[in-house]
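What the coordinates show
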Amino acid sequence: MRKKIVAGNWKMNLDYNEGLSLFSEIINMIKDEVTGKQEAIVCSPFIHLHSLAQLAKGYNKISLGAQNAHQAESGAYTGEISAKMIRSVGVAYVILGHSERRQYFGETNELLAKKTDTALKNELKPIFCIGETLQEREANKHFDVIKSQMAEGVFHLDAAQFGKLVIAYEPVWAIGTGVTASSAQAQEIHAFIRKEIAAKYSQQVADDTTILYGGSCNPTNAPELFAQPDIDGGLIGGASLKSRDFVDILKVFN
Ligand code: PGA
């Protein structure tokens, strides 16, 4: 059975000490309150990762993720961070293709296919983000957009490699806006994504793939979203910066 996951995306927030204390709070709450098999992932800025990995040692319910990684193995790319470096500090996941990276840093499906390969080669599991903009939805192009993001970004992988991915559906119009996709809208796209995976690989691969919803997810709307048959958890931005909210979202799977 596929994993239930709640991943926090801290984005470019929290200085080093603030990050450490938020993470310590989260670990303590998870220890006391999380009773199911769900997994928490915290995707912090690079600066925090090494120390958070030390704090997380011994807790199997919490893992770490980076928010980006470069497509090259190493070399003259001033200011960049490689997948190997990230993996070397005990980080298991990396967010790839977040809409903010696509929008502000010009990341294309083609580039993301390369980043995915390099991450997997270095044993980092991508949390691969896809989602349409408001204009695309209003033009009724959301299914086409999702389809090409998958086809061009990750469908070059073989089934074994694809099996290491987590997919996150994040409608761009719902990110940081306070507007959530309705559970029916989200379920419709999640079912479509799973159908595409089944057509490309197999029903088994599709059934085993964790597909997260992201976009203004909070403790109030998470129960209804996560009750949908094809929604396996969330990628949480704003609400992941508050330990109480993040752990309450995680507890939906208790
Ligand atoms: P949000 O962000 O929860 O603040 O909308 C989600 C995301 O960007 O991953």
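Residues numbered from 1 in each chain as written. Predicted model: local features only at pLDDT ≥ 70, side-chain atom pairs only at ≥ 80, totals over all residues. Heavy atoms only, no water.

1. Things to note about unusual backbone geometry
For K11, which is not a glycine, the phi torsion comes out positive at approximately 55 degrees. Residues other than glycine seldom take positive phi values, yet E123 does so here, at roughly 60 degrees. Taking the relative accessible area as the measure of exposure, E123 reaches 58% and is therefore exposed. (Buried < 20%, exposed > 50% of the residue type's maximum accessible area, 1.4 Å probe, protein only.)

2. Considering the site of the ligand
Every one of the 13 residues lining the ligand counts as a neighbour, but K11, H98, E170, G176 and S216 are closest to it. Separating an oxygen atom of the ligand from a side-chain N or O atom of H98 is a distance of 2.7 Å. Within the contact set of the ligand, an oxygen atom lies 2.8 Å away from a backbone nitrogen or oxygen of G238. When the residues that make up the shell around the ligand are grouped by side-chain class, the tally is 4 nonpolar, 7 polar and 2 charged. (Near = heavy atom within 4 Å. Polar contact = N/O pair within 3.5 Å; in protein donor to acceptor, adjacent residues only side chain to side chain. Nonpolar A, V, L, I, M, F, W, Y, C, P; charged D, E, K, R; others polar.)

3. A word on the packing of aromatic side chains
Taken as a whole and judged by the stated rule, the model has 6 aromatic pairs. On the numbers, 5.0 Å between centres and 5 degrees between planes, the contact of F226 with F253 is stacked. Taken together, the residues F226 in helix α11 (residues 222-226) and F253 in the segment after α12 (243-250) connect sequence positions 27 residues apart. F253 matches F226 in its accessibility class, with the two residues each being buried. The structure contains a cluster of three or more aromatic residues connected by ring pairs, namely F155, F162 and Y201. The ring centre of F105 lies 4.0 Å from the NZ or CZ of R101, which sits over that ring. Lying over the aromatic face of Y201, K200 brings its terminal NZ or CZ to 5.9 Å of the ring centre. (Phe/Tyr/Trp six-rings, centres within 6.5 Å; stacked < 30°, edge-to-face > 60°. Helix = DSSP H or I, 4+ residues; strand = E, 2+ residues; numbered from the N terminus. Lys NZ or Arg CZ within 6 Å of the ring centre and 35° of its normal.)

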